Amino acid sequence: FRPAKPDGRIDTLIGATARVDGDIHFTGGLRIDGIVKGSVVAEDASTVIVSEKAAVEGEIRAGHAVINGKVVGPVHGAESVELQAKANVNGDVHYKSLEVQPGAVVQGRLVRAVEARVEKVVSLKPGTGD
């Protein structure tokens, strides 16, 4: 099983000359070329792209996270995280599927999400030994 790859569609762009102070909540595809000081949170299995010249100071939560710039804070990719060659992450990276290109830097832990297992619970009747 391979997780679905992001479709590459960009619905929202934060341009190279833009600076956002505050949290961003989005759906669809978000590309960040500027600076964001706040959390970037997808409302569904959306994709966030942090380009080479971009910087995010805050948490990133998305279905798919593609990082090629600087992130100071944790990255949570519910499906996948791709760390491209110029990525510099100062925080933990949480992922189900991870791709790391040579040159990417992570100053933090790599934490793989594990599927929750459902275990059968059997109750024993007191005094029967069953």
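Further up the page is the structure itself.
Calculation rules
Residues numbered from 1 in each chain as written. Predicted model: local features only at pLDDT ≥ 70, side-chain atom pairs only at ≥ 80, totals over all residues. Heavy atoms only, no water. Helix = DSSP H or I, 4+ residues; strand = E, 2+ residues; numbered from the N terminus. Contact = heavy atoms within 4.5 Å. Salt bridge = Lys/Arg side-chain N within 4 Å of Asp/Glu carboxyl O. Buried < 20%, exposed > 50% of the residue type's maximum accessible area, 1.4 Å probe, protein only. Core = buried A, V, L, I, M, F, W, Y, C linked by side-chain atoms within 4.5 Å. Pairing = 2+ DSSP bridges. Polar contact = N/O pair within 3.5 Å; in protein donor to acceptor, adjacent residues only side chain to side chain.

Draft legend 1. Fine view of the side chain of Ser51. Mapped onto the elements, Ser51 comes out in the loop between β7 (47–50) and β8 (55–57). Sequence-distant contacts of Ser51, that is, excluding residues within four places in its chain, are made with Arg31, Ile32, Asp33, Asn68 and Gly69.

Draft legend 2. Molecular detail of the pattern of salt bridges. For the structure shown, the criterion picks out eight salt bridges. In this structure, Asp21 engages Arg19 in a salt bridge whose closest nitrogen and oxygen atoms are separated by 3.1 Å. Taken individually, Asp21 and Arg19 each receive the classification exposed, so the pair is uniform in this respect. Residue Glu52 pairs with Lys86 through a salt bridge whose shortest N-O separation is 3.9 Å.

Draft legend 3. Region of interest: the nonpolar core. Counting 24 residues, the largest nonpolar core has Ile32, Val40, Val48 and Ile67 as the members making the most contacts within it. Within the residue set of this core, elements represented by two or more residues are β3 (24–26), β4 (29–32), β6 (40–42), β7, β9 (60–67), β11 (75–83) and β13 (93–100). By residue number, the principal contributor to this core is β9, which donates four residues. Excluding its chain neighbours within four sequence positions, the residues that come into contact with Ile67 are Val50, Ile60, Glu82, Leu83, Gln84, Ala87 and Val89.

Draft legend 4. Here's a closer look at the sheet that holds strand β10 (residues 70–72). Read across the open sheet, the six strands follow the order β2-β5-β8-β10-β12-β14; overall the sheet is parallel. Each having just a single partner strand, β2 (19–21) and β14 (105–106) make up the two edges of the open sheet. Where strand β12 (residues 88–90) lies against β14, two bridges are found, and the strand directions are parallel. Each residue of the ladder has a partner; that of Asn88, found in β14, is Val105.

Draft legend 5. Broad picture of the environment of Glu43. Within the element layout of this structure, Glu43 appears in the loop between β6 and β7. Once residues lying within four places of it in the same chain are set aside, the contact partners of Glu43 are His25, Phe26 and Thr27. One polar contact links Glu43 to His25, side chain to side chain, over a distance of 2.9 Å.

Draft legend 6. Local environment of the pairing of β4. Both strand β1 (residues 12–14) and β4 contribute to a ladder of three bridges, which runs parallel. The residue bridging Ile14 from the neighbouring strand is Ile32, located in β4. Bridge analysis of β4 against β7 gives four bridges, and the strand direction is parallel. Opposite Ile32, over in β7, you have Val50 as the bridge partner.

Draft legend 7. Structural view of the environment of Gln101. For Gln101, the location among the structural elements is in the loop between β13 and β14. Put simply, Gln101 and Lys86 are 15 residues apart on the chain and 8.7 Å apart in space, counted from C-alpha to C-alpha. Apart from the residues within four sequence positions on either side, Gln101 is in contact with Glu82, Leu83, Gln84 and Ala85. One polar contact links the side chain of Gln101 to the main-chain amide nitrogen of Ala85, over a distance of 3.3 Å.

That is the geometry; function is a separate question.
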